[in-house]
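# Coordinates in review
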Amino acid sequence: MTSIAIIGPGAIGGTVAAWLAQDSDFAITLCARTPLEDLRVETPGRVLTAKPKVLTDPAGAEPVDWVLVATKAYDVESTRPWLDRLVVQGTRVGIIQNGVEQVRLFQHLVPPERLVPVIINLPAVRSAPGRIVQSRQGFIWVPAGDNGDALVALFAHTGIEAVADPDFISRAWIKLCGNCGAIVPSLTLRATGPVWSAELEAIVRALAEECAAVGRAEGATIPQSVIDGVVDNARTSPEGSVAGSLHADRLAGHPMEVDARNGVIVRLGEKHGIPTPVNRMLVTLLAASGSPWLQ
């Protein structure tokens, strides 16, 4: 039996845990801040139910074969007590987080050779602890190699399609290009489509262009069609729509992953000597708005 611990059973972590729990060969443990009785996830094809082991105190955790971390990118240090108990020689750790720096953020906690960065596209919303609605099929990408192949195998019998990508860096930066524009509705607190203008298009396009330029300097291949797609998605967003987790967290008054989504573009732009004035300006404005985001 393969033992798997999921740290952070929110919308993403809870959905992943529910799918994995359908396999009788897996022993699933949820590492949570607050207790929950069970998992119930409404997916497009079926309702998943599961009753995994739930821990709220790291002292009760035991070593496992796999740890999947699904906390927010700013919440890395909160995983340390869990990782100290769960990770032993042979344990592999998948990092399911936004951004392009999963390995950098965790390499002081787990040997880098055991870390597997994970890019996920899994539209899911949590209504209460353990109660989640998944609106579309999920996809996972990991780097090609032994660790990536092993993580892909975990999802072989789930409704989440997992792929080991030999060009993972491009996959990660393409997703970041898609995510970076969400800082605009996070600032304005409304969808971009109904207020679209040539000036707003210039801002959204510049955000994505800056991201792509930095990603290319980091070794990613990002076609122009990606930038055009970011603009098209912003242009057609309907009234009342929420542009991803950054926007949703701002609306809810929660901390936001601004550094992982836009701050990283500014920081790595400086490293490569690439100007990123629009990302820098909007990050600065969002910080000045008094929103509880963490650097």
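Because the structure is a prediction, the values reported are computed rather than measured. (Residues numbered from 1 in each chain as written. Predicted model: local features only at pLDDT ≥ 70, side-chain atom pairs only at ≥ 80, totals over all residues. Heavy atoms only, no water.)

## Section: the overall build of the protein chain
- Within the protein chain one finds 11 helices and 12 strands.
- For 295 residues, the compact-globule estimate of 2.2 N^0.38 gives 19 Å, and the C-alpha radius of gyration of the protein chain, at 19 Å, lies within 12% of that figure.
- Counting only C-alpha atoms, the protein chain reaches 55 × 35 × 35 Å along its principal axes.
- Taken across its 295 residues, the protein chain has 50% of its residues classed as buried. (Helix = DSSP H or I, 4+ residues; strand = E, 2+ residues; numbered from the N terminus. Rg over C-alpha atoms; globule rule 2.2 N^0.38 Å. Buried < 20%, exposed > 50% of the residue type's maximum accessible area, 1.4 Å probe, protein only.)

## So, helix α5 (residues 168–180)
- Taking 1.5 Å as the rise per residue, α5 with 13 residues should run 18 Å; its terminal C-alpha atoms sit 18 Å apart, in good agreement.
- Three or more residues of α5 are buried, namely Phe-168, Ser-170, Ala-172, Trp-173, Leu-176, Cys-177, Asn-179 and Cys-180. (Expected span 1.5 Å × (residues − 1).)

## Digging into helix α4 (residues 146–154)
- Within α4, the full set of buried residues consists of Gly-148, Ala-150, Leu-151 and Leu-154. For α4, the angular spread of the buried residues around the axis is 160°, confining them to a single face. (Arc of directions from axis to C-beta.)

## Some thoughts on the pairing of strand β10 (residues 131–134)
- Judged by which residues are buried, β10 turns out to be one-sided: Ile-132 and Gln-134 face inward and are buried, whereas Arg-131 and Val-133, on the alternate face, are not.
- Relative to β10, strand β3 (residues 39–42) is paired through three bridges, and the arrangement is parallel. Across the sheet, residue Val-41 finds its bridge partner in β10, namely Ile-132.
- In this sheet, β10 lies alongside strand β9 (residues 124–128) in antiparallel orientation, the contact comprising four bridges. Across the sheet, Arg-126 pairs through a bridge with Ile-132, a residue of β10.
- Between β9 and the antiparallel strand that follows it, β10, lie two residues; Gly-130 among them carries a positive phi value of about 80°. (Pairing = 2+ DSSP bridges.)

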